[in-house]
Every structure is written in C-alpha cells, then in structure tokens.
Amino acid sequence: VQFVESGGGLVQPGGSLRLSCEASGFTFSSYRMSWYRQAPGKEREWVAVITGVGGSTVYAESVKGRFTISRDNAKNTVYLQMNSLKPEDTAVYYCNAVELLQYNYWGQGTQVTVSS
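Residues numbered from 1 in each chain as written. Predicted model: local features only at pLDDT ≥ 70, side-chain atom pairs only at ≥ 80, totals over all residues. Heavy atoms only, no water.

J.: I'm lost on the pattern of salt bridges in this one. Help?
T.: Where charged atoms of side chains with opposite charge meet at close range, the side chains can pair. Under the counting rule described, the total for this entry stands at 5 salt bridges. Across the pair Arg-37 and Glu-45 runs a salt bridge whose closest N-O atoms are separated by 2.6 Å. Using a relative accessible area of 6% as the deciding quantity, one classes Arg-37 as buried. Judged by its relative accessible area of 35%, Glu-45 is partly exposed. Measuring nitrogen to oxygen at the nearest pair gives 2.9 Å for the salt bridge that ties Arg-37 to Asp-89. Linking Arg-37 in strand E4 (residues 33-38) with Asp-89 in the loop between strand E8 (77-82) and strand E9 (91-97), this pair joins segments that are 52 residues apart in sequence. The structure contains a network of salt bridges with shared partners spanning Arg-37, Glu-45, Arg-66 and Asp-89. (Salt bridge = Lys/Arg side-chain N within 4 Å of Asp/Glu carboxyl O. Buried < 20%, exposed > 50% of the residue type's maximum accessible area, 1.4 Å probe, protein only. Helix = DSSP H or I, 4+ residues; strand = E, 2+ residues; numbered from the N terminus.)

Right, here's the structure in full:
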C-alpha cells in the first residue's frame, strides 16, 4: 500500500491550491478515501472523506464551503481543491484509505503554507 501526495506549496491568504494523492496496492474504488492534515505541534486531524462509488462527501467544519474532495477511480487518485485559504490551513496534508487506517500506512505528505 502506498500513497503519494503532491500539489502543496506557498500561497497567500485567499488563494487556492489543488492537492493530489495517487494510491496503489489495493482496490482503490472499493475504499473510502480521506484527507488529513497535521500542523506544527498539533495532532493529525481529519479534513474530508469521499465514498468509493457515488462520491458522497463529508467535511470538517473548519473547511466546509472552502474545500472540495473528489476522486478519479480510473487514475487511483483523490484530490483536494482548497479555496479561500487561511493561515490556519497551514499544515502537511496526507491522504489515506479509511478502511486501511488501522495498518498505519502513510505517505510523505505535501506541505501547504498559507502566508503573506
């Protein structure tokens, strides 16, 4: 099982970024996929989830209305479109398969820094 996150960077407050996560080693379309983030000195927190088929989504209150999670099962990839970014969104962002969390597989993450 492998997750490779990309798309992070430095952006000004109010800006946008689109993160990608390519997954491998399991039947991607059968699993719910989530994004998580970890800010310096804080615990990792859940951001959003999308079901395997049908694409139902749920968001953390802190990002609702600003972030959009989506997936392309043909590419084994999950995305996170982040708009109206705030300094408090600064963190390392990770993806994972919900049903595989117990095995503690994590990628290297992608750094998002929101600063003027």
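J.: It is not clear to me how the sheet that holds strand E5 (residues 45-50) should be interpreted in this structure. Could you clarify?
T.: Hydrogen bonds between backbone atoms are what pair the strands of a sheet, whose relative direction is either parallel or antiparallel. The 6 strands are arranged E2-E10-E9-E4-E5-E6 in an open sheet whose pairing can be described as mixed. Pairing within the sheet leaves two strands with one partner each, and these edge strands are strand E2 (9-11) and strand E6 (57-59). With strand direction ignored, the average angle separating the axes of adjacent strands in the sheet is 25°. Where E4 meets E5, 5 bridges bridge the pair, whose relative direction is antiparallel. The partner of Tyr-36 across the bridge, within E5, is Trp-46. (Pairing = 2+ DSSP bridges. Axes fitted to C-alpha atoms, helices over the stretch in contact; angles between N-to-C directions.)

J.: For this particular structure, what's the right way to read the state of the cysteines?
T.: Applying the stated criterion across every chain yields a total of 1 disulfide. One disulfide bridge connects Cys-21 with Cys-95, the sulfur atoms lying 1.7 Å from each other. Taken as a pair, Cys-21 in strand E3 (residues 17-24) and Cys-95 in strand E9 lie far apart in primary sequence, 74 residues in all. The pair Cys-21 / Cys-95 is uniform in exposure class, with both members buried. (Disulfide = S-S within 2.5 Å.)

J.: How should the pairing of E4 be read in this particular structure?
T.: Consecutive side chains of a regular strand alternate in pointing toward one face of the sheet and then the other. Buried residues dominate E4, accounting for 5 of its 6 residues. The loop that links E4 with its antiparallel partner E5 comprises 6 residues; one of these, Gly-41, has a positive phi angle of about 75°. The sheet contact formed by E4 and E9 spans 6 bridges and is antiparallel. Each residue of the ladder has a partner; that of Gln-38, found in E9, is Val-92.

Purely geometric stuff here, so don't read any function into it on its own.
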